[in-house]
Amino acid sequence: MSASNKDMANAIRFLSADAVQKANSGHPGMPMGMADVATVLFTRHLKFDPKAPKWQDRDRFVLSAGHGSMLLYSLLYLTGYEGMTMDELRNFRQLGAKTAGHPEYGHAAGIETTTGPLGQGITTAVGMALAERMQAARYGDGVVDHHTYVVAGDGCLMEGISHEAISMAGHFRLGKLIVLWDDNSICIDGPTDKTVNDDQLARFAASGWDVQSVDGHDAEAVAAAIEKAKASDKPSLIGCKTTIGYGAPTKAGSASTHGAPLGDDEIAGARQALGWPYEAFVIPDEVLEAWRAAGDRGAIERQAWEGRVAGMDPAAKAEFERACAGGLPAGWMDALNAHKRKMSEEAPKLATRQASGKALEALTPVIPEMIGGSADLTGSVNTKAPGMEPVTAADFSGRYVHWGVREHGMAAAMNGMALHGGFIPYAGTFLVFADYMKGAMRLSALMGQRVVYVLTHDSIGLGEDGPTHQPVETLATLRATPNFNVFRPCDPVETAECWALALENTGTPSGLVLTRQGVPTLRNEHTDDNLCARGAYVLAEAEGGDRQATILATGSEVSLAMEARAALQAAGTPTAVVSMPCWELFEQQDDAYRAQVLGSGVRVAVEAAVRMGWDRYIGADGGFVGMAGFGASAPAGELYKHFGITADNVVAAVKARL
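Let me begin by describing the structure that accompanies this report. None of the values given here were measured: they were computed from a predicted structure. (Residues numbered from 1 in each chain as written. Predicted model: local features only at pLDDT ≥ 70, side-chain atom pairs only at ≥ 80, totals over all residues. Heavy atoms only, no water.)

## Side note on the pairing of strand β20 (residues 623-626)
At step 1: Of the two faces of β20, both are covered, the one formed by Gly623 and Val625 as well as the one formed by Phe624 and Gly626.
At step 2: Of the pairings in the sheet, the one linking strand β19 (residues 602-607) to β20 comprises 4 bridges and is parallel in character. Following the sheet pairing, Glu607 is matched in β20 by Gly626. (Buried < 20%, exposed > 50% of the residue type's maximum accessible area, 1.4 Å probe, protein only. Helix = DSSP H or I, 4+ residues; strand = E, 2+ residues; numbered from the N terminus. Pairing = 2+ DSSP bridges.)

## Some remarks on unusual backbone geometry
At step 1: Positive phi, normally seen in glycine, also occurs at His457, with a value near 55 degrees.
At step 2: Backbone geometry places Asn483, a non-glycine residue, at a positive phi of 55 degrees.
At step 3: Inspection of the secondary structure puts Asn483 in the loop between α19 (474-479) and β13 (485-487).

## Observations concerning the packing of helix α1 (residues 5-23) against helix α10 (residues 264-274)
At step 1: α10 packs onto α1 with a crossing angle of 170 degrees between their chain directions and a minimal axis gap of 11 Å. When the interaxial angle is binned, α1 and α10 end up roughly antiparallel. Contacts between α1 and α10 involve Asn10, Arg13, Phe14, Ala17, Asp18 and Gln21 from the former and Asp264, Ile267, Ala270, Arg271 and Leu274 from the latter.
At step 2: Here the residues of the contact of α1 with α10 are counted per class, giving 5 nonpolar, 2 polar and 4 charged. (Axes fitted to C-alpha atoms, helices over the stretch in contact; angles between N-to-C directions. Parallel < 35°, antiparallel > 145°, perpendicular 65-115°, else oblique. Contact = heavy atoms within 4.5 Å. Nonpolar A, V, L, I, M, F, W, Y, C, P; charged D, E, K, R; others polar.)

## Things to note about helix α3 (residues 69-79)
At step 1: Taken across its 11 residues, α3 has 11 buried, putting it largely inside the fold.
At step 2: Of all the positions in α3, only Ser69, Met70, Leu71, Leu72, Tyr73, Ser74, Leu75, Leu76, Tyr77, Leu78 and Thr79 are classed as buried.
At step 3: Tucked into the core, α3 has its buried residues touching α1, α2 (29-45), β1 (60-63), α4 (86-90) and α11 (285-296).
At step 4: Immediately downstream of α3, the backbone of Gly80 shows phi near 95 degrees, a positive value.

## Quick look at the state of the cysteines
A covalent bond bridging the sulfur atoms of two cysteines is what the word disulfide describes.
At step 1: Counted according to the given criterion, the structure contains 0 disulfides.
At step 2: Free cysteine Cys240: the closest other cysteine sulfur is in Cys156, separated by 13 Å. (Disulfide = S-S within 2.5 Å.)

Rendered as structure tokens:
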């Protein structure tokens, strides 16, 4: 006897409830409520093959309501993903298990993105859906033609980032994006009407989405709604009216099922109510066989796709496979080194945001998968290279995304593009607005995605816009983030080198922190070696004797350090200047190299930001010239004098410690 949709859904329900109960921690309500919807999706619609989990043309499934992670883990086990064993389900939320409290990208095949911070998943999915259309425009629908499905909850739609996601998807008419909303009217505090009374269907429709509402426990209604959504040329929202904790005899439909184990008695009652007489973590053979058959059904389509790829033009096939694998094209470094040589020879005085734009002029022609963008600041952040056409709903072949004033959505969507594969996304805004993006930037780091954040107007040097826009504390915040490289180059040559490092570090996101004001070119002698690769290096060694003082600096303050060094050298104090464009890379160097760079004498650091973090390099007796509070509104030169960030004060700080 074949298993029914209800039996297959009950397998999800009880694996989820039992795992949460065993862990004494977790969220059973959402998996129990959305089990019917998930069963329809995975058995009838989702294009996937557990035996080839990285198949590039698979449909993407994003569990935006990441707290319901046992829904995903149950599906991965039931459909036969290697490594997602019953023991992994039994070890839910335990140290070393693949089944973390929230889905963690990289822990197990089939987890497309890390979710848990609500709203991130749906917005990341927008980036995936955008990348799908962009890749299809390059290689054709025969090679790229898949959907992105999202399960989102009420919390996802309350978060402000969801508005950015909905608006972007509607604007780009991402017809292959389908959101299944778990419309259960419950949040942690109780009924959602305590918090929100939005008409979600009208909200999505207003942004250009196709919208439907169905009984989430009616399998045929759900299947028909998904079929209709797949036929739409708009992104789709399917409101699935469900009961949270479906089947629990006394707790179903209540907040008590949301974030706590049901209890042994309640689970026993649910087993009786739903006709599931099996012990914990036991799935009857006919149900497991039905699920494994659902997992096997994608193999034929995947093999047909492999045949189409094999039949591609050889050059196009090679480019497709290279871009999907994340490798950089041959010869790209030659183009960058030629640009570096030109900058050293011409020695222009440029803002590093302009220098970044010049570097992109060299890089984007030879790395076609680089996709630029900005948060409505293109002319200020210099992220659009010549020849980059905009991505539009009518033409996805472009290479520049006008994200609009949606920094948070922009960052999360770039995560989605990187996760999808085939592209290297970068986009710009002002450094101070990294605060708006921080949730998504943190996930870039946690997932190890090559996303490049171009962060300009990096200090009081931006001048008249004043303290609201002057990011005195933001560098420290970003430097505190694990697996995130913060680059603050001092001139056009360092800027080019930092771009190279951002592109080469495939498992680490980067922030390029760039000036508004012009800075001199300090690296006048060309080398193909990337001096920034070690994070910090001696830009100018002490002369006339053993080093007595070392001035450490980043970005625009390196030129101040060089001025101070000249004065100290003239006064008979042998002084070195160390440029420190990337602390994170410097920390990876061996002790001997770091000791050689930092020196043993007096150390003074200068940076137009707060002191936090510098003491590890300057020591307890070291000096710091920088900011101690917020900035002010005035021309940049006046602000540097007002706040004492001058070569004279650096000299004084050194002399006071000799």
